[in-house]
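Given next are the chains, with one letter for each unit.
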Amino acid sequence: MRLTVACVAAALVVSAPAEAQMAKGSFAGTLEPAPGTKLRLVLHLQEAQEGGGLVGSLDSLDQGARGIALSAIDLSADTLRFWVPAVGGSYEGKWDPAGNKWVGNWSQGGAGLPLAWTPLPTSTRPPLAATKNWTMPSPAALAEAAVANRPALALGVGTVDGSRIQTTVRGGAAHSASDATRFEIGSITKVLTDLLLADMVVKGEVRLDQPVRDLLPAGVLSDGGNRPITLRDLATHYSGLPRLPSNLAPTDPSDPYADYGQAKLYAFLKSWSPDRKPGAMFEYSNLGVGLLGHALALKAGKPYEQLLTERILLPLGMKDSDFSDRNLAVPHGPDGKATKAWKLSALAAAGGLRSTTADMTRFAAALLDPPAQLRAAVRMMLDHPLKPTQDFSQIRLGLLTVPTSEGLLLNHDGGTGGMRSSLFLDQPRKRAVVVLSNSVGEPAPTAVALEAIAGVKMPAPPAGSGQR
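What you see is a predicted model, and the numbers here were worked out from it, not measured in a lab.

### So, the overall build of the protein chain
Phase 1 of the analysis: From N to C terminus, the protein chain includes nine helices and 19 strands.
Phase 2 of the analysis: Within the protein chain, contacts between residues separated by at least 24 positions form 62% of all contacts whose residues are at least 6 apart in sequence.
Phase 3 of the analysis: Total accessible area computed for the protein chain in this model is approximately 18700 Å², and 53% of it derives from carbon and sulfur atoms.

As structure tokens, this is what we get:
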């Protein structure tokens, strides 16, 4: 991926930090690769919990890419340098005490662009402004408003409000859509994988703190002298594994995971040298959750897809959810043109599931009021102790927290090359929203879902912002 992001965050006036504190915390930055195209980034830096030094990651907001790992972070006097292996880019800048920010240049592909980093608050994320005593709108009203003037869009919306469950699917003038229309749910697949883990823990088949290497063939994964990576580490993105494996080199960039099979996964794991101990910091990892699903399948002695179907999908009545192209909506990329659906091979557990709006709403309802067969597993997942991420949210097993002025929500979003999805839960009010879209453009499912569940009005992104 190449870094592209939009809408600069407002600068915050804080006292200039001492040298040892300059590079700690979160920072907002904006690239402008072309006139009128502003690309938002968030930089997260913190002290390593063990071994000293700094660790960090980068979020590319409009591409929906978070937790991109940094390497070779160097703070010398008033100069900050780091390398981003996943995108082949680097940064070098100096601390400007007058402007209270890092000022320097981003280099990528032989080109350089100015980039300044302004400190963000270091305490807590300001809660989103929710509407008091909010009444959830009907899914039909939300979907119809979203597809208006968007002929190629297909959008599914499902809501849970206590015992009342509603779903609707709408298509624009150029896209017929129905209740049978299926969408790529992307990374929401991770929530189902984590529920599968919890179910296997409850049944005594695995342990949360069990080393994943115990479930893999001998010699595939070394601990590098650190404590071993556990299943809990993989589920909470604390494994130290990168977001993506370095040997992901697709023959077809429009379907990047299709030819990444078990042989390539094992080749990466055998050659990988961790640069931090497991548990040291949060780093969102598609690779990590993909490996989790693969390991659970090996333990069960059956393919991940079959295991998920038998243990999660069928017990929840999700009969229209699987990994096939059946009734799949046409994906649309950031340019609005049709693109390929993604086929995930060895990393299917991180984002490969396709589903209907009705099935995903059943799943959301089951997280609020689980059936007896999965009640203990759901409770384990939702009651798991919170662990900090790098953007002032926290994570349980599979779900992130989103603070609002009316209380805490749980969330996970998903995205592929041509689809977006969003899942929100409001546990105290027994409410949930699912939004599925066949486009990476507007309206963003996250924005639709936040308005539906809590009356949160998200600002529209500026023109040229690209993927969300």
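### Focus: the pairing of strand β1 (residues 25–34)
Phase 1 of the analysis: β1 sits mainly inside the fold: seven of its 10 residues count as buried.
Phase 2 of the analysis: The sheet contact formed by β1 and strand β9 (residues 111–119) spans two bridges and is antiparallel. Bridging from a neighbouring strand, F27 pairs with P119 of β9.

### A look at the packing of aromatic side chains
Phase 1 of the analysis: Counting across every chain of the model gives six aromatic pairs.
Phase 2 of the analysis: Where Y304 meets F323, the ring centres are 5.9 Å apart and the plane angle is 75°; that geometry is what we call edge-to-face. In this pair, Y304 sits in helix α6 (residues 304–313) while F323 sits in the loop between α6 and β13 (354–356), placing the two residues 19 residues apart along the sequence.
Phase 3 of the analysis: Among the aromatic residues, those joined into a ring-pair cluster are F82, Y91 and W117.
Phase 4 of the analysis: Across the ring face of Y238, the terminal group of K387 is positioned such that the distance to the ring centre comes to 4.2 Å.

### Brief notes about the side chain of R420
Phase 1 of the analysis: Note on placement: R420 falls in strand β18 (residues 420–426).
Phase 2 of the analysis: Among buried Asp, Glu, Lys and Arg side chains, R420 stands out as unpaired, with E184 the closest opposite charge at 7.9 Å.

### Describing the confidence of the model for the protein chain
Phase 1 of the analysis: Looking at the protein chain, the pLDDT average stands at 86 and 88% of residues meet or exceed 70.
Phase 2 of the analysis: Confidence drops under pLDDT 50 across residues 1–21; counting only partners more than four residues distant or on other chains, this segment forms 59 contacts.
Phase 3 of the analysis: Every residue in residues 460–468 scores below 50 in pLDDT, and together they form 23 contacts with partners more than four places removed in sequence or on other chains.

### Details of the pattern of salt bridges
Phase 1 of the analysis: Under the definition given, this model contains 23 salt bridges.
Phase 2 of the analysis: Linking D78 and K94 is a salt bridge whose minimum nitrogen-to-oxygen distance equals 3.7 Å. Here the residue D78 occupies a position in the loop between β5 (71–76) and β6 (79–84), and K94 occupies one in strand β7 (residues 89–96), the gap between them amounting to 16 residues.
Phase 3 of the analysis: With a relative accessible area of 47%, K94 lands in the partly exposed category.
Phase 4 of the analysis: With a shortest N-O distance of 2.9 Å, D199 and R311 are connected by a salt bridge. Separated by 112 residues along the polypeptide, D199 in helix α2 (residues 189–202) and R311 in helix α6 bring together distant segments of the chain.
Phase 5 of the analysis: In this structure D199 comes out as buried when scored by relative accessible area, which is 2%.
Phase 6 of the analysis: Where salt bridges share partners, they join R182, K319, D320, D322 and R326 into one cluster.

### Structural notes on the packing of helix α4 (residues 262–271) against helix α5 (residues 286–300)
Phase 1 of the analysis: In contact at an axis separation of 12 Å, α4 and α5 are set at 115° when each is read in the N-to-C sense. Taken as axis vectors, α4 and α5 run roughly perpendicular relative to one another. α4 and α5 meet at a crossing whose hand is left-handed. Only L287, L291, H294 and L298 of α5 make contact with α4, whose side of the interface consists of Q262, L265, Y266, F268 and L269.

### Re the nonpolar core
Phase 1 of the analysis: Counting 77 residues, the largest nonpolar core has L269 and F363 as its most contacted members.
Phase 2 of the analysis: No other element matches the eight residues that α2 contributes to this core.
Phase 3 of the analysis: Once residues within four sequence positions are removed from consideration, F363 is found in contact with V191, L192, L195, L316, M318 and L423.
Phase 4 of the analysis: One finds A146, V402, V448 and I453 within the second-largest nonpolar core, a separate group that totals 21 residues.

### Concerning the packing of α2 against α5
When two helices pack together, their arrangement is captured by the angle between the axes and the distance separating the axes.
Phase 1 of the analysis: Relative orientation of the contacting elements α2 and α5 amounts to 40°, with a least axis distance of 10 Å. In terms of orientation, α2 lies oblique with respect to α5. Crossing of α2 against α5: the hand is left-handed. Residues K190, T193, D194, L196, L197 and M200 of α2 form the contact with α5, whose participating residues are N286, V289, L292, G293, L296, K299 and A300.

### A word on the side chain of D194
Phase 1 of the analysis: The residue D194 is located in helix α2 in this model.
Phase 2 of the analysis: With near-sequence residues (within four places) excluded, D194 lies in contact with A235, L292, M381, L397 and G398.

### A word on the pairing of β5
Phase 1 of the analysis: With four bridges joining them, β5 and β6 adopt antiparallel strand pairing. Residue pairing for β6: D74 is matched across the bridge by R81.
Phase 2 of the analysis: Hairpin remark: β5 followed by β6, antiparallel, with two residues in the connecting loop; positive phi at A77, about 55°.

### Focus on unusual backbone geometry
Phase 1 of the analysis: Here the bond from E442 into P443 is cis, since omega is 0°, no more than 30 degrees from zero.
Phase 2 of the analysis: As for its placement among the helices and strands, P443 is situated in the loop between β19 (431–437) and α9 (445–454).
Phase 3 of the analysis: Its identity as a non-glycine residue notwithstanding, A72 has a phi of 50°, on the positive side.
Phase 4 of the analysis: Following the sequence through the fold, A72 ends up in strand β5.
Phase 5 of the analysis: One non-glycine residue, N149, lies in the positive phi region at around 65°.
Phase 6 of the analysis: If you trace the backbone, N149 turns up in the loop between α1 (139–147) and β10 (154–161).

### Some remarks on the environment of K337
Phase 1 of the analysis: When you line up the elements, K337 lands in the loop between α6 and β13.
Phase 2 of the analysis: Separated by 102 residues in the primary sequence, K337 and S439 have C-alpha atoms spaced 9.1 Å apart.
Phase 3 of the analysis: Ignoring anything within four residues of it in the chain, the contact list for K337 reads P331 and H332.

The rules behind these values
- Residues numbered from 1 in each chain as written.
- Predicted model: local features only at pLDDT ≥ 70, side-chain atom pairs only at ≥ 80, totals over all residues.
- Heavy atoms only, no water.
- Helix = DSSP H or I, 4+ residues; strand = E, 2+ residues; numbered from the N terminus.
- Contact = heavy atoms within 4.5 Å.
- Areas by Shrake-Rupley, 256 points an atom, 1.4 Å probe, with all protein chains shown as cover.
- Buried < 20%, exposed > 50% of the residue type's maximum accessible area, 1.4 Å probe, protein only.
- Pairing = 2+ DSSP bridges.
- Phe/Tyr/Trp six-rings, centres within 6.5 Å; stacked < 30°, edge-to-face > 60°.
- Lys NZ or Arg CZ within 6 Å of the ring centre and 35° of its normal.
- Lys, Arg positive; Asp, Glu negative; His and termini not counted.
- Salt bridge = Lys/Arg side-chain N within 4 Å of Asp/Glu carboxyl O.
- pLDDT = per-residue confidence, 0-100.
- Axes fitted to C-alpha atoms, helices over the stretch in contact; angles between N-to-C directions.
- Parallel < 35°, antiparallel > 145°, perpendicular 65-115°, else oblique.
- Left-handed = near helix turned anticlockwise from the far one by under 90°.
- Core = buried A, V, L, I, M, F, W, Y, C linked by side-chain atoms within 4.5 Å.

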